[in-house]
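# A look at the structure
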Amino acid sequence: MQTSNHELEKKDADSSQSVASPVRWWRSWWRSLSPTRQDRYAALAPLASVLMFMAAIIASFWYLRTEEVDREQEALRRDVEYAQQRVRLRLLERQEQIMRMARDVGNRDMRKTDFDSRAETLISQYPELQSITWVDDKRQVLHSQAAPTVGPEQLRAVGETLHRSETLHAYQQAREMLQPIYVQEKASPDDLPPLLQLHVPISNNSRYIGELLAEFSVDSLLRYGTPTEVMARYAITMMDSEGQVLAGTPLPPRKTPSELLHWRAIANEYEVPVSPVGISLMLRAQAYRTSLGVVGSGLFWLVGTLSAMTAWLLLATWRHTRRRQRAQEALVAETNFRRAMENSVLTGMRALDLHGRITYVNAAFCQMTGWSEQELVGQVPPYPYWPDNDYDNLHSQLREELSGKTIVGGFQVRVKRKNGTLFDARLYVSPLIDAHGQHTGWMSSMTDITEPNRIREQLSASYERFTIVLEALDASVSVAPLGSAELLFANKLYRQWFGSHTEGHLQLVAQAGKLPLRHRPESDADELMGLPADTITESRSENAEIFVPSLGKWLEVRSRYLSWVDGRLAQMVIATDITQRRLAEEQAAAQAEKAQAASRLITMGEMASSVAHELNQPLTAISNYSSGMLTRLANGTLTEEQMKFALEKTAHQAQRAGQIIQRIRSFVKKSEPNRTLAQVSDMVNEAVELAGIELRRRSVQLSAHVAERMPPVMADTILIEQVLINLMKNSAESIDMSGRPPGQRSVELRVRPQVFEAQPGVEFTVEDTGKGLPPEVLEHLFEAFFSTKSEGMGIGLNLCRSIVESHHGRMRAENLYNGPEVTGCRFSFWLPLATGVETTTLTTTSEPTKRTIA
């Protein structure tokens, strides 16, 4: 243990000797010098200190300059990227508009007049867009619209064929890829401004049928696409892939008198390709030389002078250092305490003397502006944080401030940071009074209001966009408070229709059947009586279609209640012009009526042989009776009773033939749609009589069963008879085609009450003993122009379903099975009962019907 302690002590002694040996060597060397040399070296000590100080200052300036260059380069790169994004977004917006036009052309929704109108609107609205050309799949120009600024050499005439190499290459790419293609024209020897081309393909069902060729002015794209603040700070140019300037003016190369300062001749520039064009279009920015450099800066000479004075005063101040050390410690403690309080405040503080010189700034002020306290204190107008283009205004405000004309609410100014960026600030000024009550200057507090201003601008822009959208709507929008004649809001279309008064709003509400409450100041009744009891957000809008004679238009009116910005309950009415839709509906109804009449004629045409056979029987009987009476009359054997019997039989057969003809005439004659309260049994009897003719010809037995006390339905009897006849005739044809034996050739019609989806109605069912329908046929059975007959047109069942659905009914078909074997087919359709009629209470009753026709 003692040995180890001894070793530790020995090691400590060796280490202390190794540390002290350089000091001992320095002392011994200094003592070995003569007094003259000691004085000489002592005289050089302050000079060495000054040289070291100057070296530190130069290194600091070099570092600041390097950092400033880096910041400028970074700011340039950021601004160029921002400008490139703005140009890119502008190109993409135009590309999207051209693609919408191409889609409309491909869908055949745009005629030549529409193309010219939309192209002229885009060209006049966006100055960079010079021309829009419609080219077919053979590279020939169909239509073209160009700006007035396009020269005659660059105009594209109708019928012209694309011939330039870069245009043909982009045309082929767009045709193969079916994607928009950009291409930059080469500079022509005629000094014509090169244009940026956008080829947008036109396709129809993925088939290329042409393209829209949009041409942009590179100069206008640079002028209107680049932000103005970027254009003000840099020389912006656009170049092609070979470095040729297409737009803008580049800066000339800087000249320096010395090769040592060759680095100052290098311009601060940056270039990026413009997306989505690619490397064929480059955006380059060159920064203007706004700094005088390190040598030409007044701050450099100021610091140099201060450094020299510091070196001269270095020895003198050293003498006072010891005497002021204690006082300085107390002052530092007090200053640190005060600085800590100042640094905790986020508001920038600035003090000016009576002559406008800055005497004090706090840390928050320096943080806002980016300038240090040393760089600001002592400055006189113009201050370094003043924007260059706002000197006159700020000088005027400073004079008013120094003269005592302060504004209680402060005033707003623009402040420039050290990196060149600007922000909005609000200044509040108050007089600065010293301890003796003397006015010594002005104290200003500054707050950054950039974010509040940005939010305010965004709200203003949002309101403007909202107003533009409402003004551009193709519907009339109006808002009026309940119980008042004031019109709170009306868009452009409303003002065109009704002016700026509430009469149009009230007229729409009245015609739609939703009258607002009238204001009765002398009544004690609740003004909100009759309004929805739900909250405003849960209330539903109501629609109504009305005709306004003063406008000559059909309008769809929607209204709802809402709470206005001031808390009042208001009603919003939206009216949309549906005149064209109503005309289209009327034309569709007329076409449907013609199709139904044609279907009935076709049915009778198909049943012509059966009808002729049916009429032949009574006509033959009439002929036989007449011949028999003539023979007996000639023989003199005709008695009065025989003649009476023969005439009665002849009259009966003639009446029978007339009934057949009357039924056919009533079925096929053209009439207006007429829905009335119809008895089911009457419609069934008429349909059975007509369909029975065809079924007897095909040797098919028809059975009809109608339930007792069937309620009436609201229907067009001719149309429903047409559906029943078509279904029974199809069943007979199916049985005939299946080759069933006589005992299995039957069609059964059943009519009974049926509830469908909780709504009472009547179900009509037609069953046959045919071969049924394959599953693939059932899927397309009711489609238009689908038929299983070689001579069929495929409109019968489709028309039947349309008729049933127009009566708010449903129709379906299914096969009948006996085990795995298909034994027939069942067609059924359901019609709702007439409104207000129950199945158990009838205004008119019908007897049960059961008929069999063999």
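Thresholds, definitions, all that
Residues numbered from 1 in each chain as written. Predicted model: local features only at pLDDT ≥ 70, side-chain atom pairs only at ≥ 80, totals over all residues. Heavy atoms only, no water. Helix = DSSP H or I, 4+ residues; strand = E, 2+ residues; numbered from the N terminus. Buried < 20%, exposed > 50% of the residue type's maximum accessible area, 1.4 Å probe, protein only. Contact = heavy atoms within 4.5 Å. Areas by Shrake-Rupley, 256 points an atom, 1.4 Å probe, with all protein chains shown as cover. Expected span 1.5 Å × (residues − 1). Arc of directions from axis to C-beta. Patch = residues over 30% accessible without salt bridge, like charges linked within 9 Å, V, L, I, M, F, W, Y side chains within 5 Å. Salt bridge = Lys/Arg side-chain N within 4 Å of Asp/Glu carboxyl O. 1 Å grid on protein atoms, 1.4 Å probe; cavity = no way out; pocket = protein on both sides within 12 Å on 5 of 7 lines; lining within 4 Å. Points joined across faces, edges and corners; volume = space filled by probe spheres on them. Nonpolar A, V, L, I, M, F, W, Y, C, P; charged D, E, K, R; others polar. Pairing = 2+ DSSP bridges. Axes fitted to C-alpha atoms, helices over the stretch in contact; angles between N-to-C directions. Lys, Arg positive; Asp, Glu negative; His and termini not counted. Polar contact = N/O pair within 3.5 Å; in protein donor to acceptor, adjacent residues only side chain to side chain. Left-handed = near helix turned anticlockwise from the far one by under 90°. Phe/Tyr/Trp six-rings, centres within 6.5 Å; stacked < 30°, edge-to-face > 60°. Lys NZ or Arg CZ within 6 Å of the ring centre and 35° of its normal.

## Quick notes on the overall build of the protein chain
Looking only at helices and strands, the protein chain features 20 helices and 27 strands. Across the 854 residues that make up the protein chain, the buried fraction comes to 37%. Long-range contacts, defined here as pairs at least 24 residues apart, represent 59% of the contacts in the protein chain between residues at least 6 apart. Only carbon and sulfur atoms are counted for the fraction: they give 55% of the accessible area of the protein chain, which is about 51000 Å².

## Let's talk about helix 3 (residues 112-125)
The first and last C-alpha atoms of helix 3 sit 20 Å apart over 14 residues, in line with the 20 Å expected at 1.5 Å per residue. Among all positions of helix 3, only F115, D116, A119, L122 and I123 are buried. Seen along its axis, helix 3 keeps its buried residues to an arc of 135°; they face one direction. Seen from the open side of helix 3, the exposed residues pointing more than 90 degrees away from its buried face are T113 and S124.

## As for the environment of Q701
In this structure, Q701 sits in strand 21 (residues 701-706). For the pair Q701 and Q744, spaced 43 residues apart in sequence, the C-alpha to C-alpha distance is 9.0 Å.

## Looking at a nonpolar patch on the surface
Together, L302, L306, M309, W312 and L313 make up an exposed nonpolar region whose accessible area comes to about 540 Å². Checked against the element boundaries, M309 lands in helix 7 (residues 298-343).

## Describing empty space enclosed by the protein
The gaps of empty space that remain are located by a probe, the size of a water molecule, rolled over the atoms. One pass over the full model with this rule turns up 2 cavities of 30 Å³ or more. By volume, the largest cavity is sized at about 120 Å³. Lining the largest cavity we find 14 residues, and of these R350, W386, L394, V413 and L427 sit closest to its centre. Partitioning the lining of the largest cavity into residue classes produces 10 nonpolar, 1 polar and 3 charged.

## So, the sheet that holds strand 8 (residues 269-274)
Strands sit in the order 7-6-9-8 across an open sheet of 4 strands; the sheet is antiparallel. A single partner strand is all that each edge strand has here, and the edge strands are strand 7 (245-247) and strand 8. Across the sheet, the mean angle separating the axes of adjacent strands is 35° when strand polarity is ignored. Sheet topology places strand 8 next to strand 9 (residues 278-287); 6 bridges connect them, and they run antiparallel. Looking at the pairing, V272 lines up with L283 of strand 9.

## Topic: the pattern of salt bridges
Taken as a whole, this structure holds 32 salt bridges when the rule is applied. The residue E96 makes a salt bridge to R100 at a minimum N-O spacing of 3.3 Å. On the criterion of helical spacing, the pair formed by E96 and R100 is a turn pair, its members being 4 residues apart in helix 2 (residues 35-106). Judged by relative accessible area, which is 46%, E96 ranks as partly exposed.

## Comments concerning the pairing of strand 25 (residues 810-818)
Two elements, strand 25 and strand 26 (residues 821-832), share 9 bridges in a ladder whose sense is antiparallel. Across the sheet, N818 pairs through a bridge with E821, a residue of strand 26. Linkage of strand 25 to strand 26, two consecutive antiparallel strands, is achieved through a turn of 2 residues, within which G819 is found at a positive phi near 75°.

## Focus on the side chain of D79
Looking at where D79 falls in the secondary structure, it is placed in helix 2. On the basis of relative accessible area, D79 is assigned to the buried category, the value being 11%.

## Description of the sheet that holds strand 2 (residues 141-146)
The strand order across the open sheet built from 5 strands is 2-1-5-4-3, with neighbouring strands paired in antiparallel fashion. Sheet topology places strand 2 and strand 3 (181-184) at the edges, where each strand pairs with a single neighbour. Looking at each pair of strands side by side, their axes are set apart by 20° on average, direction ignored. The sheet strands contacting helix 3 are strand 1 (129-136), strand 2 and strand 5 (207-217), and the helix crosses strand 1 at an angle near 155°.

## Notes on the side chain of R740
Looking at the secondary structure, you find R740 in the loop between helix 18 (717-738) and strand 23 (746-756). Despite being buried, R740 has no salt bridge partner; E821 is the closest side chain of opposite charge, sitting 4.8 Å away. Reaching out from R740, the side chain makes a polar contact with the backbone oxygen of T769 at a distance of 2.7 Å. Once residues within four sequence positions are removed from consideration, R740 is found in contact with I735, R745, T769, G770, K771, V822 and T823.

## Remarks on the environment of L281
Locating L281 in the fold gives a position in strand 9. For L281, a relative accessible area of 0% translates into the label buried. With 97 residues separating them along the chain, L281 and Q184 place their C-alpha atoms 7.0 Å apart. Not counting residues within four places of it along the chain, the set of residues in contact with L281 comprises Q184, L196, V218, M238, M239, L246, V272, P273 and V274.

## A word on the packing of helix 17 (residues 680-697) against helix 18
For the pair helix 17 and helix 18, the least separation of the axes is 9 Å and the interaxial angle reads 35°. You can see that helix 17 and helix 18 cross each other, and the crossing is right-handed. Seen from helix 17, the contacting residues are M683, V684, E686, A687, V688, L690, A691, E694 and L695; seen from helix 18, they are T717, I720, E721, L724, I725, M728, K729 and A732.

## Some remarks on the environment of H705
Tracing the sequence through the fold places H705 in strand 21. Along the chain, H705 and V684 lie 21 residues apart, while their C-alpha atoms are 9.3 Å from each other.

## Details of the packing of aromatic side chains
The full count for this structure, using the stated rule, is 11 aromatic pairs. Plain terms: the ring middles of F365 and Y385 are 5.4 Å apart, the flat faces sit at 80° to each other, and that makes the pair edge-to-face. A residue pair is termed long-range when its members are at least 10 positions apart, and F365 in helix 8 (residues 363-369) and Y385 in the loop between helix 9 (373-376) and helix 10 (391-402) qualify at 20 residues. Taking relative accessible area as the criterion, Y385 reaches 4% and is therefore assigned buried. Judged by centre distance (6.3 Å) and plane angle (90°), the rings of W497 and F498 are edge-to-face. Classification of W497 as buried rests on a relative accessible area of 17%. One cation-aromatic arrangement involves R77 over Y270; the distance from NZ or CZ to the ring centre is 5.3 Å. Here the basic side chain of R582 rests over the ring of W554, its NZ or CZ set 3.7 Å away from the ring centre.

## Brief notes about helix 18
Given 3.6 residues to a turn, an α-helix orients residues that are three or four positions apart in the same direction. A rise of 1.5 Å per residue sets the reference length of helix 18, with its 22 residues, at 32 Å; its end C-alpha atoms lie 32 Å apart and thus fit the reference within 8%. Among the 22 residues of helix 18, 18 are classified as buried, and the element is accordingly described as predominantly covered. Positioned one or two residues after helix 18, G739 has a phi angle of 70°, which is positive.

## Digging into unusual backbone geometry
Here the residue pair P381 and P382 is connected by a cis peptide bond, since its omega of 0° sits within 30 degrees of zero. Examined against the element boundaries, P382 turns out to sit in the loop between helix 9 and helix 10. The phi dihedral of A758 falls on the positive side, at around 65°, and the residue is not glycine. By secondary structure assignment, the location of A758 is in the loop between strand 23 and strand 24 (759-768). A positive phi angle, close to 65°, is found at H808, a residue other than glycine. Inspection of the secondary structure assignment puts H808 in the loop between helix 20 (796-806) and strand 25. Residue H808 is classed as exposed on the basis of its relative accessible area of 59%.

Distances and angles like these do not, on their own, reveal function.
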